[in-house]
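Next come the chains, spelled out residue by residue.
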Amino acid sequence: MARIPHETSGDLDPFAVLTLDQLRRRTSMKWRTYPDDVLPLWVAEMDVPLAGPVVRAVTGALELGDTGYPAGTAYAEALAAFAEQRWGWKGLAVERTALVPDVMLGVVEMLKLVTGHGDTVVVNPPVYPPFYDFVRHMDRRTAEAPLGPDGRLDLDALEDAYRRAVAGGRRAAHLLCSPHNPTGTVHTAEELTAVAALADRYGVRVVADEIHAPLVVGDTDFVPYLSVPGGERGLSLMSASKAWNLAGLKAALAIAGPGAAEDLARMPEEVGHGPSHLGVIAHTAALREGTDWLDAVLAGIDANRRLLARLLAEHLPDVRYRPGEATYLAWLDCRALGLGDDPARVFLERGWVALSPGPAFGTGGAGHARLNLAASPEVIEEAVGRMRTAAEGGSPLATRS
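Residues numbered from 1 in each chain as written. Predicted model: local features only at pLDDT ≥ 70, side-chain atom pairs only at ≥ 80, totals over all residues. Heavy atoms only, no water.

A. Quick look at the overall build of the protein chain. Counting its regular elements, the protein chain contains 14 helices and 13 strands. By the compact-globule yardstick of 21 Å for 401 residues, the protein chain fits well, its C-alpha radius of gyration being 21 Å. Seen along its three principal axes, the alpha-carbon backbone of the protein chain occupies a region of about 60 × 55 × 35 Å. When burial is assessed residue by residue, the protein chain has 58% of its 401 residues classed as buried. A separation of at least 24 residues holds for 74% of the contacts in the protein chain among residues at least 6 apart in sequence. About 16400 Å² of surface is accessible on the protein chain, with carbon and sulfur atoms providing 51% of the total. For the protein chain, the distance from the average site of its 38 positive side-chain charges to the average site of its 51 negative ones is 4 Å. (Helix = DSSP H or I, 4+ residues; strand = E, 2+ residues; numbered from the N terminus. Rg over C-alpha atoms; globule rule 2.2 N^0.38 Å. Buried < 20%, exposed > 50% of the residue type's maximum accessible area, 1.4 Å probe, protein only. Contact = heavy atoms within 4.5 Å. Areas by Shrake-Rupley, 256 points an atom, 1.4 Å probe, with all protein chains shown as cover. Lys, Arg positive; Asp, Glu negative; His and termini not counted. Charge placed at Lys NZ, Arg CZ, Asp CG, Glu CD.)

B. Examining the packing of aromatic side chains more closely. One pass over the full model with this rule turns up seven aromatic pairs. With 5.9 Å between their ring centres and 80° between their planes, Tyr128 and Phe131 make a pair best called edge-to-face. A ring pair is formed by Tyr162 and Tyr202, whose centres lie 6.4 Å apart and whose planes are at 65°; its orientation type is edge-to-face. Residue Tyr162 is found in helix H7 (residues 155-165), and its partner Tyr202 is found in helix H8 (residues 189-202); the two are separated by 40 residues along the sequence. The pair Tyr162 / Tyr202 is uniform in exposure class, with both members buried. (Phe/Tyr/Trp six-rings, centres within 6.5 Å; stacked < 30°, edge-to-face > 60°.)

C. Spatial organisation of the environment of Gly362. With respect to the element layout, Gly362 can be found in the loop between strand E12 (356-357) and strand E13 (368-372). The class of Gly362 is buried, set by a relative accessible area of 18%. Along the sequence, Gly362 and Ala74 sit 288 residues apart, while their C-alpha atoms lie 37 Å from each other. Ignoring anything within four residues of it in the chain, the contact list for Gly362 reads Pro125, Tyr132 and Glu144.

D. Inspection of the side chain of His277 at higher detail. By secondary structure assignment, the location of His277 is in helix H11 (residues 277-289). A polar contact of 2.9 Å, which involves the side chain of His277, links it to the side chain of Asp66. Discounting chain neighbours no more than four positions away, the residues touching His277 are Asp66, Thr67, Gly68, Tyr69 and Pro70. (Polar contact = N/O pair within 3.5 Å; in protein donor to acceptor, adjacent residues only side chain to side chain.)

E. Inspection of the environment of Arg205 at higher detail. Relative to the helices and strands, Arg205 resides in strand E6 (residues 205-209). Residue Arg205 is classed as buried on the basis of its relative accessible area of 9%. Along the chain, Arg205 and Val114 lie 91 residues apart, while their C-alpha atoms are 6.8 Å from each other. In this structure Arg205 touches Val114, Ala172, Ala173, His174, Arg233, Gly259, Ala260 and Asp263, once residues within four positions along its chain are discounted. Separated by 2.9 Å, the side chain of Arg205 and the backbone oxygen of Arg233 make a polar contact. At 2.7 Å, the side chain of Arg205 and the side chain of Asp263 are in polar contact.

F. Highlighting the sheet that holds E13. In spatial order, the strands read E9-E10-E13-E12; together these four strands make up an open sheet with antiparallel pairing. Because the sheet does not close on itself, it has two edges, and the strands there are strand E9 (320-321) and E12. The sheet contact formed by strand E10 (residues 329-333) and E13 spans five bridges and is antiparallel. Of the residues in E13, the one forming a bridge with Leu332 is Ala369. (Pairing = 2+ DSSP bridges.)

G. Quick peek at the pairing of strand E2 (residues 97-100). The alternating pattern of E2 places Thr97 and Leu99 and Ala98 and Val100 on opposite faces, both of which are buried. As paired strands, E2 and strand E8 (residues 252-256) are joined by four bridges and run antiparallel to one another. Its bridge partner lying in E8, Leu99 is registered against Leu253.

H. Main features of the UniProt feature "domain: Aminotransferase class I/classII large" (unreviewed entry) in the protein chain. This chain's UniProt record puts "domain: Aminotransferase class I/classII large" (unreviewed entry) on residues 74-386. Overall, residues 74-386 shows 40% helix and 15% strand. The separation of its end C-alpha atoms is 46 Å. (UniProt positions renumbered as here; feature names shortened; annotations may be inferred.)

I. Up close: the side chain of Arg305. Secondary-structure assignment places Arg305 in helix H12 (residues 291-315). Among residues more than four places away in sequence, those in contact with Arg305 are Val217, Tyr321, Pro323, Gly324, Glu325 and Leu373.

J. A look at the packing of H12 against helix H14 (residues 377-391). Contact geometry for H12 and H14: axes closest at 10 Å, N-to-C directions at 25°. What the angle tells us is that H12 and H14 run roughly parallel. H12 and H14 meet at a crossing whose hand is right-handed. Touching Asn304, Leu307, Leu308, Leu311, Leu312 and His315 of H12 are Pro377, Ile380, Glu381, Val384 and Arg388, all from H14. When its residues are assigned to classes, the contact of H12 with H14 shows seven nonpolar, two polar and two charged. (Axes fitted to C-alpha atoms, helices over the stretch in contact; angles between N-to-C directions. Parallel < 35°, antiparallel > 145°, perpendicular 65-115°, else oblique. Left-handed = near helix turned anticlockwise from the far one by under 90°. Nonpolar A, V, L, I, M, F, W, Y, C, P; charged D, E, K, R; others polar.)

K. Structural context of the pattern of salt bridges. This structure, assessed with the given rule, holds 22 salt bridges. Across the salt bridge formed by Asp295 and Arg86, the nearest N and O atoms sit 2.4 Å from each other. One end of the pair, Asp295, is in helix H12; the other, Arg86, is in helix H4 (residues 74-87), with 209 residues separating them in the sequence. Among the ionic pairs, Glu159 bridges to Arg163, the shortest N-O distance being 3.8 Å. Of the two residues, Glu159 and Arg163 both sit in helix H7, four residues apart, roughly one turn of that helix. Taken together, the salt bridges that share partners define one network made up of Glu159, Asp160, Arg163, Arg164 and Arg201. (Salt bridge = Lys/Arg side-chain N within 4 Å of Asp/Glu carboxyl O.)

Structure below.
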């Protein structure tokens with residue numbers, strides 16, 4: 001059996017290492033949801049070799065039989081060191097962290113701490129679809145404060161949503177996506193400070209999903225919500241899973257600002273039983289030793305952003321695409337193609353390209369689709385060609401391979 005590489009070396013593009021045949025041997029959701037002739041550019045998994053330090057750490061644990069329950073603060077210590085080195089943030093206090101199974105289950109636990117049944121959780125659509133699903137399953141209501149036409153937080157809409165959420169003396173929370181999925185927007189320090197001021201004024205508790213924080217491309221700076229003035233009462237969820245492609249190795253951290261430490265202390269002890277010990281080992285190794293690998297991935301993402309922009313301009317000029325400042329996700333405005341509210345369905349049925357349907361992202365998602373850029377340049381080029389054929393009404397047989 002051919003060996004699949006576990007890391008890249010030199011200046012090699014990490015997205016150009018694995019072949020489609022190698023990738024199709026994977027058994028995860030991305031590669032098993034659709035038939036082999038569909039190009040899967042939807043769910044947030046990356047088509048890259050795993051970082052060498054992660055492989056060695058997990059392999060070493062397996063050789064030792066170190067497969068018990070998670071313990072200790074190594075993960076939090078590694079994240080604190082990474083945050084200081086990467087973002088210049090020295091405020092991640094290990095004693096104000098807690099292990100949670102993953103970011104979204106951590107979000108659920110944090111929202112339980114600061115809201116009750118029937119309370120409102122404010123979101124900023126278009127936004128990650130599980131925000132709606134998890135909030136609904138908790139018996140909370142969602143209130144939308146849509147992003148502005150520029151794709152940034154609309155503070156007037158946010159204030160209106162806060163006001164309505166706390167009407168009648170109800171508790172409320174704001175589930176903030178930072179960096180924002182699907183647009184790739186990185187909220188500025190000024191924007192986050194304004195959010196914190198509004199939250200304080202209306203008594204709204206901010207819970208920040210910051211899972212994409214390590215995936216900021218170029219000269220843009222990621223700003224942790226807990227680092228801004230007024231963010232002290234906030235709660236954050238962070239993980240190495242998106243940046244190092246570790247979704248199958250479950251582990252994340254809940255982080256409290258100084259003013260939210262007592263809230264975090266009320267989290268049930270059994271929540272910490274959910275993370276995988278191997279996940280904690282993998283995430284810790286990634287944060288401590290995987291920054292060179294991450295930098296290579298970020299360079300590949302940046303190249304793919306530019307490639308996609310060029311291909312769309314050449315082959316689908318009616319599709320509007322504004323490259324994001326973070327994530328490896330591309331938010332495509334396909335309304336001018338006339339493919340209806342769900343262009344992803346047309347691309348799948350006519351072109352055998354799987355994208356994430358825009359309507360699932362809430363208000364502002366109709367006529368849009370989300371494309372996963374974490375693939376080889378050849379796959380991206382083939383995908384755009386298939387999308388063009390689909391948009392032109394061509395037969396899927398013309399693009400099937």
